[in-house]
Amino acid sequence: MPKGMETEQIELFFPYYVNQERLLDIYAILNGGYSEFSEVTASRSAEKTKKGKADVSFSGFKIFNFGVGTSVAGEIGNSNGSNEEAKERKVHTVTSVLSKVKYELANRKMLVDIINSKPGNFVCLPVNLSINSIQLLLNELADIFKLTDEISKLEKKPSTKSSDSKELEKISKAMKRLFDGEEILFQTDSYAIIGNIIESNLYQSVTSDLIRTELKCLAQVKRVFPDGTELMRNTIFSKINEPESKQELIDALKGFTVNNVYDFDAVVVPSIHDKPVYQLEIIALYQ
């Protein structure tokens, strides 16, 4: 067993979403910082390392050599009679770095209960997420209408969905994004949390893996709204100050989603004002 690991309780888990840049920042702070590290790129012929940043990666996630652990050097004779030096060095994957960060935050009592948290605090809590996005719902509806229209053509039946699909696409294009990513939402009777997820941070998963799934969320609190706040901050929709105007569009969309005929990844919640809302910087979602 490597030095130091005997005191740690190893937890096996599977990450679905990892904000790699934030994670490495926290890892460096907890470990006194690293001035230099290697990113390891594995190929079929050999394992190569390059100091600094590497151009090659696997789905945007890498293996890191932080120069930690023991190094063992010795001479090994090969078939040609010459000697080669064998060295052993500990490396970390993104998941093992996440494991160490989780352990250190808990061990140093830096994790705060979400109800008592303030901006800057770290939290780790169970969640069951929804994507709170009117634009995503519009896109999902448009795609379904296109599909039903094509099925109607095959069955040679008249369909009114084609015009509906075009109208929804127009509205979706007008719903200008303010920044990349999708807003996620989780609510309990006592509080709600919101955050933003970016597709490039998905770890061997797809966005639908994060929805309606029991997950653990490691995050840092960015803002606290004690009396609630307006939601859907990632599109121009959040700039509409009149609740009536928002509700008219939402009610129109609900007409398409009644009777649970379709299953949507998106929900549309324009605001929460009956409980505290915590805006999080999500570091990882895992199970």
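Preceding this section is the structure that the text describes.
Residues numbered from 1 in each chain as written. Predicted model: local features only at pLDDT ≥ 70, side-chain atom pairs only at ≥ 80, totals over all residues. Heavy atoms only, no water.

1. Some thoughts on the overall build of the chain
Now for step 1: Counting secondary structure elements, the chain contains 5 helices and 16 strands.
Now for step 2: For the chain, the proportion of its 287 residues judged to be buried stands at 39%.
Now for step 3: Expressed as a percentage of contacts within the chain between residues at least 6 apart in sequence, the contacts between residues at least 24 apart total 77%.
Now for step 4: For the chain, the exposed surface amounts to about 17,100 Å²; the carbon and sulfur share of it is 50%. (Helix = DSSP H or I, 4+ residues; strand = E, 2+ residues; numbered from the N terminus. Buried < 20%, exposed > 50% of the residue type's maximum accessible area, 1.4 Å probe, protein only. Contact = heavy atoms within 4.5 Å. Areas by Shrake-Rupley, 256 points an atom, 1.4 Å probe, with all protein chains shown as cover.)

2. As for the side chain of Asn 201
Now for step 1: When you line up the elements, Asn 201 lands in the loop between β11 (192-197) and β12 (214-225).
Now for step 2: With near-sequence residues (within four places) excluded, Asn 201 lies in contact with Tyr 16, Tyr 17, Val 18, Asn 19, Gln 20, Glu 21 and Phe 61.

3. Overview of the environment of Leu 210
Now for step 1: Within the element layout of this structure, Leu 210 appears in the loop between β11 and β12.
Now for step 2: Taking the C-alpha atoms as reference, Leu 210 lies 9.8 Å from Val 127; in sequence the two are 83 residues apart.
Now for step 3: Apart from residues no more than four positions distant in its own chain, Leu 210 is found in contact with Tyr 16, Tyr 17, Leu 129, Ile 197, Leu 202, Leu 215 and Leu 285.

4. Focus: the pairing of β12
Now for step 1: Pairing of strand β8 (residues 122-128) with β12 involves 7 bridges; the strand directions are antiparallel. Bridge pairing in β12 links Leu 125 to Cys 217.
Now for step 2: The pairing of β12 with strand β16 (residues 277-286) spans 9 bridges and is antiparallel. Bridge pairing in β16 links Val 224 to Tyr 278. (Pairing = 2+ DSSP bridges.)

5. Side note on the nonpolar core
Now for step 1: Within the largest apolar cluster, 32 residues are counted, with the highest numbers of intra-cluster contacts made by Val 127, Ile 193, Leu 210, Leu 280 and Leu 285.
Now for step 2: Listed by contribution, the elements that provide at least two residues to this core are β1 (15-18), β8, α3 (134-155), β10 (182-187), β11, β12 and β16.
Now for step 3: One finds Tyr 27, Leu 105, Phe 122 and Tyr 286 within the second-largest nonpolar core, a separate group that totals 18 residues. (Core = buried A, V, L, I, M, F, W, Y, C linked by side-chain atoms within 4.5 Å.)

6. Observations regarding the state of the cysteines
Now for step 1: Under the defined criterion, the tally for this structure stands at 0 disulfides.
Now for step 2: Residue Cys 124 stays outside any disulfide, its sulfur separated by 7.5 Å from that of Cys 217, the closest cysteine.
Now for step 3: By relative accessible area, Cys 124 is classed as partly exposed at 31%.
Now for step 4: Cys 217 sits in the buried class, given a relative accessible area of 1%. (Disulfide = S-S within 2.5 Å.)

7. Some words on the pattern of salt bridges
Now for step 1: Per the counting criterion, the structure on display carries 3 salt bridges.
Now for step 2: For Glu 281, the salt bridge is made with Arg 22, and the minimal N-O distance between the two is 3.3 Å. Taken together, the residues span a long stretch of sequence, with Glu 281 in strand β16 and Arg 22 in helix α1 (residues 20-30) at a distance of 259 residues.
Now for step 3: Residue Glu 281 pairs with Lys 222 through a salt bridge whose shortest N-O separation is 3.7 Å. Highlighted residues: Glu 281 in strand β16 and Lys 222 in strand β12, separated in sequence by 59 residues.
Now for step 4: Look at the salt bridges and you will find they share partners, linking Arg 22, Lys 222 and Glu 281 into a network. (Salt bridge = Lys/Arg side-chain N within 4 Å of Asp/Glu carboxyl O.)

8. Overview of unusual backbone geometry
Now for step 1: Non-glycine residue Lys 109 carries a positive phi angle of around 55°.
Now for step 2: By the secondary structure assignment, Lys 109 is in the loop between α2 (94-107) and β8.
Now for step 3: Lys 109 gets classed as exposed once you look at its relative accessible area, which sits at 75%.
Now for step 4: In this model, Arg 212 sits at a positive phi of 55°, which is unusual for a non-glycine residue.
Now for step 5: Along the chain, the position of Arg 212 falls in the loop between β11 and β12.

9. Section: α2
Now for step 1: The terminal C-alpha atoms of α2 lie 20 Å apart, and with 14 residues this matches the ideal 20 Å at 1.5 Å per residue to within 8%.
Now for step 2: Buried within α2 we find Val 94, Thr 95, Val 97, Leu 98, Lys 100, Val 101, Lys 102, Glu 104 and Leu 105.
Now for step 3: Of the residues one or two after α2, Lys 109 is the one with positive phi, at around 55°. (Expected span 1.5 Å × (residues − 1).)

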